[in-house]
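Examination of the molecular architecture
Residue strings, one per chain:
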Amino acid sequence: MSGPGISVVICAYTEDRWEDILAAVSSVRAQSRPALETLLVVDHNETLRERLAKEYKEYEECQGASGGRVRVLANAGPRGLSAGRNTGIAAARGEIVAFLDDDAVAERDWLRHFAEAYTDPRVMAVGGRTEPVWASGRRPDWFPEEFDWVVGCTYRGLPRGRVRVRNVLGGNASFRRSAFDLAGGFATGIGRDGDKRPLGCEETELCIRLTRARPDAVLLIDDRAVIHHRVPEAREHFRYFRTRAWAEGLSKALVARSVGAGKGLESERRYATRVLPAGVARGLRDALLARSGGAGRAGAIVAGVLTAAGGYVVGSVRARRGQATFRVPEVEVTARE
């Protein structure tokens, strides 16, 4: 295997996703460009950690370590996705650290496309394209593609091809391990915490911090690096759509408070002023043409914008009052072998 070694980090927290976790690991082990290792980080669930440790100990004894060894770790920090990722970073042996959601599977060339981009030494992060796999078998008619970020997927409005971006999306992303030496780890207190309110934006805040620490850093999205992300039935409903949009507003307020509204909302301004109005117009046109869901999609975009804006206002007030804070940890990495 030529090129940098890649460690893949998968964070898990619930036994309800047991089959999804096994499928995610299997997709890493089947990569055309093998991973150096897969790190399964379990978030404060000892039963799940023990079960996974037994599963992969027995697997390696039977099959050997083809496709990279699987290591099962307990989250060494506070509960939540950010601390779980930081635990994986600290334990990773690869020069590149990639992240895959525990309810997603990667296409066979996922890591190959990531690795190719790192031939340029300025490249510090590379993300990919995340496609939704709807539990009901199809996208709800009312659900606009412009809001696929609500379910952790690539949304309409992101650039296509291999392009430079402000930030990558955390469930399908990779970083040079040296990026964490420069900028620290994922901020705790901003992202997801198990089944609590679906906050996010921890990868946005990290990427902005990274480019401030190294202004010549290049961050890319390569839409050939594809994963397929399962969307459970509960997330196909408008109630979750509103909850996630509100949480995104809260998260964006924290990011803006940390890095400034100029950089923190740079991409969001283009999205709000160009992508979303075009989506509303497309939905209304579809409604006039009697196409299914057109009016619903237009209405969902408007509702999503207003809900996210409300969350941002409330989050900004809380941040100014010191009621909402997060911490940026340093990540102490292991020595390379």
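This write-up is about the structure you can find in this document. (Residues numbered from 1 in each chain as written. Predicted model: local features only at pLDDT ≥ 70, side-chain atom pairs only at ≥ 80, totals over all residues. Heavy atoms only, no water.)

1. Some words on the pattern of salt bridges
In total, this model carries 30 salt bridges according to the counting rule given. Linking arginine 17 and aspartate 103 is a salt bridge whose minimum nitrogen-to-oxygen distance equals 3.5 Å. A residue pair is termed long-range when its members are at least 10 positions apart, and arginine 17 in the loop between strand S1 (6-12) and helix H1 (18-29) and aspartate 103 in the loop between strand S4 (96-100) and strand S5 (104-106) qualify at 86 residues. Both residues of the pair, arginine 17 and aspartate 103, count as buried. When the shortest N-O distance is used, the salt bridge between aspartate 109 and arginine 112 registers 3.5 Å. Taking the relative accessible area as the measure of exposure, aspartate 109 reaches 28% and is therefore partly exposed. Each of Asp109, Arg112, Glu116, Arg162, Asp222 and Arg224 takes part in one network of salt bridges that share partners. (Salt bridge = Lys/Arg side-chain N within 4 Å of Asp/Glu carboxyl O. Helix = DSSP H or I, 4+ residues; strand = E, 2+ residues; numbered from the N terminus. Buried < 20%, exposed > 50% of the residue type's maximum accessible area, 1.4 Å probe, protein only.)

2. Some points on the environment of isoleucine 21
Positionally, isoleucine 21 belongs in helix H1. According to the relative accessible area criterion, isoleucine 21 is buried, its value standing at 0%. Remark: the alpha-carbon pair of isoleucine 21 and valine 105, spanning 84 residues in sequence, is separated by 9.0 Å. Aside from chain neighbours lying at most four places away, what touches isoleucine 21 is Ala12, Thr14, Leu40, Leu48, Leu52, Tyr56 and Asp102. (Contact = heavy atoms within 4.5 Å.)

3. Concerning the layout of surface pockets
In this structure, the second largest pocket spans a volume of roughly 270 Å³. Lining of the second largest pocket is provided by 17 residues; of these, Arg129, Glu131, Thr154, Tyr155 and Arg160 occupy positions nearest its centre. When residues of the lining of the second largest pocket are traced back to their parent elements, those giving at least two are strand S6 (123-134) and strand S9 (218-231). The greatest single-element share of the lining of the second largest pocket, amounting to 5 residues, is contributed by S6. Of the residues belonging to the lining of the second largest pocket, the class tally is 5 nonpolar, 4 polar and 8 charged. (1 Å grid on protein atoms, 1.4 Å probe; cavity = no way out; pocket = protein on both sides within 12 Å on 5 of 7 lines; lining within 4 Å. Points joined across faces, edges and corners; volume = space filled by probe spheres on them. Nonpolar A, V, L, I, M, F, W, Y, C, P; charged D, E, K, R; others polar.)

4. Quick word on helix H10 (residues 294-320)
Taking 1.5 Å as the rise per residue, H10 with 27 residues should run 39 Å; its terminal C-alpha atoms sit 39 Å apart, in good agreement. Gly294, Arg297, Ala298, Ala300, Ile301, Gly304, Thr307, Ala308, Gly311, Gly315, Ser316 and Ala319 are the residues of H10 that are buried. (Expected span 1.5 Å × (residues − 1).)

5. A word on the nonpolar core
Of all hydrophobic cores here, the largest spans 35 residues; its most connected members are Val8, Ile10, Leu40, Leu52, Leu100, Trp110 and Leu111. Counting residues per element, this core draws most heavily on H1, which supplies 6 residues. Residues within four places of leucine 100 in sequence aside, it is in contact with Val8, Val9, Ile10, Cys11, Ala24, Ser27, Val28, Ala106, Trp110, Gly171 and Ile227. By size, the runner-up hydrophobic cluster in this structure holds 26 residues, among which are Val41, Ile89, Ala92 and Phe186. (Core = buried A, V, L, I, M, F, W, Y, C linked by side-chain atoms within 4.5 Å.)

6. Focus on the pairing of S4
Counted residue by residue, S4 has 5 buried out of 5 residues, so it is predominantly covered. Strand direction decides the pairing type here: S1 and S4, joined by 4 bridges, are parallel. Bridged to isoleucine 6 within S4 is isoleucine 96. Relative to strand S8 (residues 172-176), S4 runs antiparallel, the two sharing 5 bridges. Each bridged residue has a counterpart across the sheet, and for phenylalanine 99 the counterpart in S8 is alanine 173. (Pairing = 2+ DSSP bridges.)

In short, geometric facts, not functional conclusions.
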